[in-house]
Amino acid sequence: MKPSDPKANPHIEAMQAYTPGEQPQGGGWIKLNTNENPYPPSSKAVEAIRVALGDNGTLLRLYPSPDSTPLREAAARVHGYSPESIVAGNGSDDILNLLIRAYAGPGRSIGMLDPSYSLYPVLAAAQGAAVVKVPVKADYTFDVDAVAKCGASVFFLTNPNAPLGVAFAVERVIALAKVFPGLLVVDEAYVAFAGESCVDLPKQFPNVVVTRTLSKGHALAGLRAGYAICPLGVAAVLHRVRDSYNLDRLAQVAAAAALQDDAWLNETVGKITATRRRLMDALRGLGWKVNESSANFVLAEPVAKGGVASVQAAESAFEFLRSKKILVRRFPNHFLTEKALRITVGTDAEADALVAAAGVWTKG
Ligand SMILES: *Cc1c(COP(=O)(O)O)cnc(C)c1O
């Protein structure tokens with residue numbers, strides 16, 4: 001018998017991979033498409049990596065802490081929890097995957113707001129779990145009752161929302177936590193750029209988990225480190241299903257050092273939020289429609305001179321910017337985002353280059 005292409009499980013054969021933002025090869029690009037931080041990370045993180053390597057990298061011979069003790073202890077200190085409440089992940093995407101692996105599957109759906117992070121459905125598909133989408137309302141809030149009754153075993157609330165950029169009030173999240181019968185996951189990937197956080201909720205509610213990443217606020221997307229702040233019962237479950245060494249030695253100590261460098265975080269977030277204001281004002285000055293933002297990106301609808309926002313205008317502006325080697329992101333699959341570009345807040349110089357090119361496009 002001739003060997004043939006092996007068939008994967010039916011639900012895997014049927015699924016599609018996540019489409020990440022473009023990572024262009026070669027230099028000269030202004031990269032405002034994946035919400036990376038434009039500044040170098042804390043020098044304390046870099047120093048921690050040097051120490052963790054040892055002479056000639058000799059410490060890499062050894063397996064890391066299986067449960068990422070250095071990172072969990074640092075996160076516990078920063079947020080006022082015990083390390084038992086923290087589970088570390090190889091990026092917060094790893095944590096999201098663990099949550100779905102443990103709490104969803106055939107007959108146990110996941111829920112999410114629509115629009116929000118498009119990775120959740122991919123992770124759900126890999127576990128054979130269905131997805132229930134609850135629409136974000138026209139006033140950019142969500143209906144607590146609709147989420148409470150959506151039937152999902154685990155609901156992902158991206159707060160601040162991506163790609164809309166808006167933050168939902170903590171009070172509304174608390175109202176939801178009180179009535180949602182499953183596990184409520186508050187994905188706080190962008191919280192460093194927002195005013196408030198749900199970080200204390202896992203102390204008060206046995207059904208609320210908060211996820212954090214070092215990728216956005218802490219400028220460590222290339223390191224792959226994130227964590228969940230959990231009620232103790234949930235933490236024990238996640239430890240059961242994670243890889244035995246899910247973070248490498250370097251990520252554990254660099255993330256721990258970065259988390260404790262408040263001065264770096266305050267300075268960097270201050271610069272990014274100042275640039276955000278300047279970018280929003282400049283785009284509005286051109287006549288573009290710009291959402292308020294609690295994140296390190298802005299969602300903006302391009303409006304050509306004498307024109308209106310439209311899918312065509314968004315496509316045209318996207319291609320024009322690309323021709324100038326400026327990369328942004330489009331979300332054409334939802335009516336709240338199809339006319340818009342999502343633009344990462346970079347440095348002032350990057351924002352100025354974007355605005356200059358946007359000005360040329362706008363004037364036609
Ligand atoms: C970027 C992002 C993440 C993932 O962060 P990693 O730690 O890099 O895996 C999770 N959720 C949302 C909403 C994000 O935008």
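Owing to the predicted nature of the structure, the values given are computational and were not obtained by experimental measurement.

J.: Sorry if this is basic, but what is going on with the overall build of the protein here?
T.: Within the protein, the regular secondary structure consists of 13 helices and 13 strands. Its C-alpha atoms give the protein a radius of gyration of 21 Å, within 12% of the compact-globule value 21 Å for 364 residues. When the backbone C-alpha atoms are referred to their principal axes, the protein occupies close to 60 × 60 × 55 Å. Expressed as a percentage of the 364 residues in the protein, the buried residues total 52%.

J.: What is the right way to read the packing of aromatic side chains from this model?
T.: Two aromatic rings are characterised by how far apart their centres lie and by the angle between their planes. Scanning the entire structure with this criterion turns up 8 aromatic pairs. Considering the side-chain rings of Y18 and Y117, the 6.1 Å spacing of their centres and the 70 degrees angle between planes classify their relative orientation as edge-to-face. Taken together, the residues Y18 in the loop between helix 1 (10-13) and strand 1 (30-31) and Y117 in the loop between strand 3 (110-114) and helix 5 (119-126) connect sequence positions 99 residues apart. Look at Y117 and you get partly exposed, because its relative accessible area is 22%. Aromatic side chains F142 and F168 sit 5.1 Å apart centroid to centroid with 90 degrees between the ring planes, which places their arrangement in the edge-to-face category. Of this pair, F142 sits in the loop between strand 4 (131-135) and helix 6 (144-148) while F168 sits in the loop between strand 5 (154-158) and helix 7 (170-179); the two residues are 26 residues apart in sequence, bridging distant segments of the chain. Comparing F142 with F168, the two get one shared label, buried.

J.: Where do I start with the site of the ligand in this structure?
T.: Around the ligand, a shell composed of G91, S92, D93, Y117, T158, D187, A189, Y190, T213, S215, K216 and R224 is seen. At a separation of 2.7 Å, an oxygen atom of the ligand approaches a polar side-chain atom of Y190. Here an oxygen atom of the ligand and a side-chain polar atom of K216 are 2.9 Å apart. Alone, the ligand offers 390 Å² of accessible surface; in the complex the protein occludes 93% of this. Each residue belonging to the shell around the ligand can be placed in one class, and the counts come to 3 nonpolar, 5 polar and 4 charged.

J.: I'm lost on the environment of N56 in this one. Help?
T.: Looking at the element boundaries, N56 is found in the loop between helix 2 (43-53) and helix 3 (69-79). A sequence separation of 165 residues divides N56 from A221, and the C-alpha atoms of the two residues are 25 Å apart.

J.: What is the right way to look at the sheet that holds strand 13 (residues 341-344) in this model?
T.: Note on sheets: strands pair through backbone hydrogen bonds, and any given pair is parallel or antiparallel. In spatial order, the strands read 9-10-13-12; together these 4 strands make up an open sheet with antiparallel pairing. Across the chains shown, the open sheet's two edge strands, defined by having one partner strand only, are strand 9 (289-290) and strand 12 (329-330). Sheet topology note: the strand 12/strand 13 ladder contains 2 bridges and is antiparallel. Looking across to strand 13, one finds that R329 is bridged to R342. Its contacts with the sheet place helix 11 (residues 262-285) against strand 9, strand 10 (297-301) and strand 13, and it is angled at close to 5 degrees to strand 10.

J.: In this structure, what is going on with the domain arrangement of the protein? I would like to understand it.
T.: Many structure descriptions define interface size as the accessible area lost when the parts assemble. Under the domain assignment, the protein is made up of domain 1 (10-37 + 263-363) and domain 2 (43-261). Spacing between the C-alpha centres of domain 1 and domain 2 amounts to 25 Å. If you look at the interface, domain 1 gives 29 residues, while domain 2 gives 30 residues. Taking both partners together, domain 1 and domain 2 bury about 2,400 Å²; carbon and sulfur atoms supply 64% of that area.

J.: Would you mind going over helix 2 with me for this structure?
T.: What sets the pattern is the α-helix's 3.6 residues per turn: residues three or four places apart point alike. For helix 2, every residue scored as buried is listed here: A45, A48 and A52. Down the axis of helix 2, the buried side of the element spans an arc of 55 degrees, and every buried residue falls inside it. Residues of helix 2 that are exposed and angled more than 90 degrees away from the buried face: S43, R50 and V51. At its buried positions, helix 2 is contacted by helix 10 (249-259). At the N-terminal end of helix 2, a side-chain oxygen is found 3.0 Å from the backbone nitrogen of K44, two or three residues along, and the residue is S42. Once helix 2 ends, the next one or two residues include G54, with phi positive near 70 degrees.

J.: How should I be thinking about the pattern of salt bridges in this particular structure?
T.: Note on pairing: side chains with opposite charge can pair once their charged atoms come close. Applying the stated criterion across every chain yields a total of 15 salt bridges. The residue E22 makes a salt bridge to R322 at a minimum N-O spacing of 2.6 Å. Of this pair, E22 sits in the loop between helix 1 and strand 1 while R322 is found in helix 12 (residues 311-323), placing the two residues 300 residues apart along the sequence. Across the pair R224 and D93 runs a salt bridge, and its minimum N-O distance is 4.0 Å. Of this pair, R224 sits in the loop between strand 7 (208-213) and strand 8 (226-229) while D93 sits in helix 4 (residues 92-103), and the two are 131 residues apart along the sequence. Taken together, the salt bridges that share partners define one network made up of R278, D348 and D352.

Cut-offs applied
Residues numbered from 1 in each chain as written. Predicted model: local features only at pLDDT ≥ 70, side-chain atom pairs only at ≥ 80, totals over all residues. Heavy atoms only, no water. Helix = DSSP H or I, 4+ residues; strand = E, 2+ residues; numbered from the N terminus. Rg over C-alpha atoms; globule rule 2.2 N^0.38 Å. Buried < 20%, exposed > 50% of the residue type's maximum accessible area, 1.4 Å probe, protein only. Phe/Tyr/Trp six-rings, centres within 6.5 Å; stacked < 30°, edge-to-face > 60°. Near = heavy atom within 4 Å. Polar contact = N/O pair within 3.5 Å; in protein donor to acceptor, adjacent residues only side chain to side chain. Areas by Shrake-Rupley, 256 points an atom, 1.4 Å probe, with all protein chains shown as cover. Nonpolar A, V, L, I, M, F, W, Y, C, P; charged D, E, K, R; others polar. Pairing = 2+ DSSP bridges. Contact = heavy atoms within 4.5 Å. Axes fitted to C-alpha atoms, helices over the stretch in contact; angles between N-to-C directions. Domains from an automatic or database assignment. Buried area = accessible area lost by both parts, 1.4 Å probe. Arc of directions from axis to C-beta. Salt bridge = Lys/Arg side-chain N within 4 Å of Asp/Glu carboxyl O.

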